[in-house]
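So the chains spell out like this:
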Amino acid sequence: MASENYLNHPTFGLLYQICSFGDSKELFATLYAQRLFFLVAFDARGTRFEPIGRNEARMLVDNRLRQLRREASLQEYNQLQQVFKQTFL
């Protein structure tokens, strides 16, 4: 997550990437309110937006943090930890 990634949602406007899950899925949130979260899947059929709740988004990021800690990916872990604190705390 060295750079910031943005995506334009057809209804809710600009979204920013919180984290990637590696299986062609990424978690995005609305840029300004940070209240709406979307699990975005990229596949051959195109881009699919799945709205999810704040608690579910927090749980997904928390699980990703645990995974990064187990894999000893310290740089990515520290970056995601900072995003987690800004977004959910």
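Residues numbered from 1 in each chain as written. Predicted model: local features only at pLDDT ≥ 70, side-chain atom pairs only at ≥ 80, totals over all residues. Heavy atoms only, no water.

An unreviewed UniProt entry annotates the chain as PipX family protein of Synechococcus elongatus PCC 11801.

Caption draft 1: Main features of the overall build of the chain. Across its full length, the chain holds two helices and five strands. Traced from its N-terminal end to its C-terminal end, the chain shows the element sequence β-β-β-β-β-α-α. Expected size for 89 residues packed as a compact globule is a radius of gyration near 12 Å; at 13 Å, the chain falls within 12% of this value. Referenced to the eigenvectors of the C-alpha coordinate spread, the extents of the chain come out at roughly 35 × 30 × 25 Å. The buried share of the chain, reckoned over its 89 residues, is 33%. Summarising the internal contacts of the chain: among those between residues at least 6 apart in sequence, 28% fall at separations of at least 24. Of the roughly 5,800 Å² of accessible surface on the chain, 49% is carried by carbon and sulfur atoms. The positive charge centre, built from 11 side chains, and the negative charge centre, built from 9, are 6 Å apart in the chain. (Helix = DSSP H or I, 4+ residues; strand = E, 2+ residues; numbered from the N terminus. Rg over C-alpha atoms; globule rule 2.2 N^0.38 Å. Buried < 20%, exposed > 50% of the residue type's maximum accessible area, 1.4 Å probe, protein only. Contact = heavy atoms within 4.5 Å. Areas by Shrake-Rupley, 256 points an atom, 1.4 Å probe, with all protein chains shown as cover. Lys, Arg positive; Asp, Glu negative; His and termini not counted. Charge placed at Lys NZ, Arg CZ, Asp CG, Glu CD.)

Caption draft 2: Expanded view of helix α1 (residues 54–71). Between its first and last C-alpha, α1 extends 26 Å over 18 residues, near the 26 Å set by a 1.5 Å rise per residue. Looking only at α1, the buried set comprises A57, V61, R64, L65 and L68. Seen along its axis, α1 keeps its buried residues to an arc of 105 degrees; they face one direction. Projecting away from the buried face of α1 at angles above 90 degrees are the exposed residues N55, M59 and R70. For α1, the secondary structure elements touched by its buried residues are β2 (13–20), β3 (25–30), β4 (37–43), β5 (46–52) and α2 (74–88). Following α1 by one or two positions, A72 adopts a phi angle in the positive range, close to 60 degrees. (Expected span 1.5 Å × (residues − 1). Arc of directions from axis to C-beta.)

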